[in-house]
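Architecture at a glance
Each chain, letter by letter, is given below.
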Amino acid sequence: MHYRINHSDLCLILALVRGKTLARAAELLKVDVSTVFRSVRKLEAALGTSLFEKNRSGYQPTQAALALAQQAESAEQALELAQISLEQGRETVSGTVRLTCAGTMLQSLLLPALSRFMPRYPALRLELTTSSAFANLSRRDADIAMRLTSTPPERLVGNRLGSVSFVVCASAAYLQRCGHRDLAAMDWIAPDDFLPDHETVAWRRQALPGVVPSYRCNSMITVTEMVRAGMGVAALPDFLLSDLECLSEPLQGYDTALWLLTRPDCRALRSVATLFSELTRNIRLSAPH
């Protein structure tokens, strides 16, 4: 008859994987070292497999031990969520939500919002990725997306959070080094062919047709960081201008909108609905220009 592993066995394995030594595992389990040593030997014999290999740095887990430790961590998290639910009542929001946004939005818009309300939801887990592709939601790789667009896909549902303008800007250091404010003669930084129809690309080609960018980047966050580093000028969304100098008025006719989007099938999930609602309340831009 095969040995049936129990919760105590998982706690033992997890403690030794985390502690790496018998002494540290004993501290974590609040038992003596000899108890840990005997328990590991007994468990290995019952399972008929080696769980740890002793070396100079301590106890190295085998693949079997690592697999069991992962299950132990899942059980540990489930117990933590159960305790939170017990303490806070049946209305606790729990689960994992996958959120994606463009890199330019992360520091200026998303993280300040998350820091305000996420502490109120200790059982809510967030998986965050930075991407500009709508396909993330379509392929079900994400549950919620924050996107700059004037025409969100019809297959998605969401809230329009506000209007975004683009402004030509540069760092004070670049302007001092440049010594003039002739936009056509400046070093331009622009997105490359990954965003051929970007509003800033369309504007530059129309307003400054003779300009050939000195730097081309495969993401708008890279464009932004190069401007901040004093490498040149670029047209950036207005929510990124706090530490830069504006060299133009908002580019008329090239506004876009900030949307919070999700799939229709996600609206019924309490975890997704809660995060969607909180982000909608906490991220608000100015009214349309």
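Predicted, not measured: the structure shown is a model, and the values here were computed from it.

1. Focus: the environment of Ser 165
Within the element layout of this structure, Ser 165 appears in the loop between strand E6 (157-164) and strand E7 (166-170). Expressed as a C-alpha distance, the spacing of Ser 165 and Pro 237, which sit 72 residues apart in the sequence, is 5.7 Å. At 3.0 Å, the side chain of Ser 165 forms a polar contact with the side chain of Asp 255.

2. Re the environment of Leu 175
Here Leu 175 is to be found in helix H7 (residues 172-178). Note: C-alpha distance between Leu 175 and Gly 232 (57 residues apart in sequence) is 8.5 Å. The contacts of Leu 175, once residues within four sequence positions are left out, are Ala 170, Arg 181, Met 186, Glu 245 and Leu 247.

3. Topic: the confidence of the model for the protein
Predicted confidence across the protein gives a mean pLDDT of 86, with 89% of residues reaching 70 or more. Of all helices and strands in the protein, the one with the weakest mean pLDDT is helix H6 (residues 135-138) (56), whereas E7 scores best (95).

4. Here we look at the nonpolar core
Nonpolar side chains tend toward joint burial in soluble globular proteins. One finds Leu 110, Met 146 and Leu 279 to be the most contacted residues of the largest nonpolar core, which totals 29 residues. Elements that contribute at least two residues to this core include exactly strand E3 (95-101), helix H5 (103-117), strand E5 (144-148), E6, strand E12 (256-262) and helix H10 (270-282). Of all the elements, H5 adds the most residues to this core, at seven residues. Apart from residues lying up to four places away in sequence, Met 146 is in contact with Thr 100, Cys 101, Ala 102, Met 105, Leu 109, Leu 110, Leu 161, Leu 258, Trp 259, Leu 260 and Ile 283. Counting residues in hydrophobic clusters, the runner-up holds 19 residues, among them Leu 10, Ala 26, Val 36 and Leu 51.

5. Here's the deal with the sheet that holds strand E10 (residues 234-237)
Spatially, E10-E7-E11 is the arrangement adopted by the three strands of the open sheet, whose pairing is antiparallel. In the strand order of this sheet, the two ends are held by E10 and strand E11 (245-246), each with one partner. Taken together, the four bridges between E7 and E10 define a ladder with antiparallel strand orientation. Along E10, the bridge assignment pairs Phe 166 with Pro 237. Contacts from helix H9 (residues 220-228) reach E7 and E10 within the one sheet, and its direction differs from that of E10 by about 115°.

6. Details of the sheet that holds E6
One open sheet accounts for five strands, arranged E4-E3-E5-E12-E6; its pairing is mixed. Both outer strands of the open sheet, strand E4 (124-130) and E6, are each paired with one neighbouring strand and no more. Mean inter-strand twist for the sheet, computed between neighbouring axes without regard to direction, equals 15°. Looking at chain direction, E6 and E12 are connected through seven bridges and run antiparallel. Across the sheet, the residue bridging to Ser 163 is Ala 257, located in E12.

7. Let's talk about the environment of Thr 274
By the secondary structure assignment, Thr 274 is in helix H10. Judged by its relative accessible area of 15%, Thr 274 falls in the buried class. In this structure the C-alpha to C-alpha distance between Thr 274 and Val 93, which are 181 residues apart in sequence, comes to 7.7 Å. Filtering out sequence-adjacent residues up to four positions away, Thr 274 remains in contact with Val 93 and Tyr 121.

8. What to know about the pairing of strand E2 (residues 58-61)
As paired strands, strand E1 (residues 52-55) and E2 are joined by four bridges and run antiparallel to one another. Pairing of Asn 55 across the sheet is with Gly 58, part of E2.

9. Overview of the side chain of Arg 147
The residue Arg 147 is located in strand E5 in this model. Of the polar contacts made by the side chain of Arg 147, one reaches the side chain of Thr 100; its length is 3.4 Å.

10. So, the pattern of salt bridges
Think of it this way: side chains of opposite charge can pair up when their charged atoms draw near. According to the stated counting rule, one finds ten salt bridges in the structure shown. For Arg 98, the salt bridge goes to Asp 143, with nearest N and O atoms at 2.9 Å. Placement of Arg 98 in strand E3 and of Asp 143 in the loop between H6 and E5 is noted, with a sequence separation of 45 residues between them. We classify Arg 98 as partly exposed; its relative accessible area is 26%.

11. Quick word on H9
When we look at burial in H9, the residues that qualify are Met 220, Val 223, Thr 224, Met 226 and Val 227. Each buried residue of H9 lies within a common arc of 165° when the element is viewed along its axis, so the set occupies one face. Summarising the contacts, the buried residues of H9 are in contact with H5, E7, strand E8 (189-191), strand E9 (215-217) and E10. Looking one or two residues beyond H9, the residue adopting positive phi is Gly 230, at roughly 85°.

Each value, and the rule that gives it
- Residues numbered from 1 in each chain as written.
- Predicted model: local features only at pLDDT ≥ 70, side-chain atom pairs only at ≥ 80, totals over all residues.
- Heavy atoms only, no water.
- Helix = DSSP H or I, 4+ residues; strand = E, 2+ residues; numbered from the N terminus.
- Polar contact = N/O pair within 3.5 Å; in protein donor to acceptor, adjacent residues only side chain to side chain.
- Contact = heavy atoms within 4.5 Å.
- pLDDT = per-residue confidence, 0-100.
- Core = buried A, V, L, I, M, F, W, Y, C linked by side-chain atoms within 4.5 Å.
- Buried < 20%, exposed > 50% of the residue type's maximum accessible area, 1.4 Å probe, protein only.
- Pairing = 2+ DSSP bridges.
- Axes fitted to C-alpha atoms, helices over the stretch in contact; angles between N-to-C directions.
- Salt bridge = Lys/Arg side-chain N within 4 Å of Asp/Glu carboxyl O.
- Arc of directions from axis to C-beta.

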